[in-house]
Amino acid sequence: MANCPKCGKKLKKTDWRQHCPECGANIVVYDLQERLMKDADIAEVQYYHFQKKVDRLKASFIGTKLAVARIITSLLPAAPLFLPLVKASFSPPVDFPDGNVNLMTVVNHFGAINPETLKALPGGEARADSLLLIAGTLLFALSVVLTLVHFILLTLACSPKGRVRNIVQDILILLTCTASAVCIAAMGSAGAVKATLAVGTYLYILLQVVNVAVDIAVLIQGIPITHGQCYVGGIPIEEYFELEKTLTPEELRAEQYRRLSEIQKEKEEKIAEDEAKKHHGHIPGQNEEKGADADG
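A brief look at the structure comes next. (Residues numbered from 1 in each chain as written. Predicted model: local features only at pLDDT ≥ 70, side-chain atom pairs only at ≥ 80, totals over all residues. Heavy atoms only, no water.)

Here we take up the sheet that holds strand S1 (residues 86-90). What the three strands build is an open sheet, ordered S2-S1-S3; its pairing is antiparallel. With one partner strand each, in any of the chains shown, strand S2 (99-101) and strand S3 (193-197) form the two edges of the open sheet. Going across the sheet, the axis of each strand differs from the next one's by a mean of 35°, ignoring polarity. Alignment of S1 against S3, held across five bridges, turns out to be antiparallel. Within the sheet, the bridge partner assigned to Phe90 lies in S3 and is Val193. (Pairing = 2+ DSSP bridges. Helix = DSSP H or I, 4+ residues; strand = E, 2+ residues; numbered from the N terminus. Axes fitted to C-alpha atoms, helices over the stretch in contact; angles between N-to-C directions.)

It is worth spelling out a nonpolar patch on the surface at this point. Side chains of Val164, Ile167, Val168, Ile171, Leu172 and Leu175 sit close together on the surface and give an oily, nonpolar patch of about 520 Å² of accessible area. As for its position among the elements, Val168 is in helix H6 (residues 162-185). (Patch = residues over 30% accessible without salt bridge, like charges linked within 9 Å, V, L, I, M, F, W, Y side chains within 5 Å. Areas by Shrake-Rupley, 256 points an atom, 1.4 Å probe, with all protein chains shown as cover. Salt bridge = Lys/Arg side-chain N within 4 Å of Asp/Glu carboxyl O.)

Taking 1.5 Å as the rise per residue, helix H5 (residues 127-152) with 26 residues should run 38 Å; its terminal C-alpha atoms sit 38 Å apart, in good agreement. As for H5, its buried residues are in contact with helix H2 (65-75), H6, S3 and helix H7 (199-221). (Expected span 1.5 Å × (residues − 1). Contact = heavy atoms within 4.5 Å.)

Side-chain direction in a regular strand flips from residue to residue, so the side chains alternate between the two faces of the sheet. Of the two faces of S1, the one lined by Val86, Ala88 and Phe90 is fully buried and the one lined by Lys87 and Ser89 carries no buried residue. Here three bridges tie S1 to S2, and the two strands are oriented antiparallel to one another. Counted as the bridge partner of Ala88 is Gly99 from S2. (Buried < 20%, exposed > 50% of the residue type's maximum accessible area, 1.4 Å probe, protein only.)

With that settled, consider the nonpolar core. One finds Val86, Ala88, Phe90, Phe96, Val101, Leu133, Ile184, Met187, Val193 and Ala195 forming the largest nonpolar core, which totals ten residues. At the level of elements, S1 and S3 are the ones that each hand at least two residues to this core. When residues in this core are grouped by element, the largest group, three residues, is from S1. Look past the residues within four positions of Met187 in its chain and what remains in contact with it is Asp129, Leu132, Leu133, Val193 and Ala195. (Core = buried A, V, L, I, M, F, W, Y, C linked by side-chain atoms within 4.5 Å.)

See below:
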């Protein structure tokens, strides 16, 4: 349960009345203005931290023209996945149709990939070829996952660790997609799977190079982050944080009331000025008609 705002007595569930049983203070309205001001201060500081994250998110995607281009180049490597990646022929224990293989082929015949098949592949004289096939397949799948993760984490590209994270991802993407192609190209013809690289793989690697190049260019260029000015009790929040270190809570609250009074006064003066212009300003046409009526 809560405490009495005046005497600090711990209130029980039976203390449901409006007044404190210890000091008799009205719990609901006691020092209400100060409590509301404290809640407002907390809300404005939380909004400031939240707004900084939103500003970094916006900058990551649309902070510069190059950042916008990065969104497109991050998605482009997905297109070659639907083109022929390898041209392969299969023999038992692999039950796959011969011909071009792409993402849709793997999805449609996913049931052919099972533990029994994977266990039987590395056996016999073609062990090296089978291991290269497994390694190349896993590395390629890892490069696709890394590309997806890279795109998602673009939302954090302007965070404190975003630069290092993007560089590590770029390096891993290039290493995995290149190593995958090397493994497949190095396979012999003695195994259950005979494969040669197709146009999709070459285009995939090319687009990954473009993706990484644009990302590095964005990191080198940098992205300016613009933060809107936030206030706490009428005080700019950067100044508020400094005043918190040097002023007592009472002095800080008095300064807030002074700033808020000045802001309110400026608003009232602006309203009075607009009203004066509205009633006494020169309105073309009307003044001329009044002058004509007077002459008449």
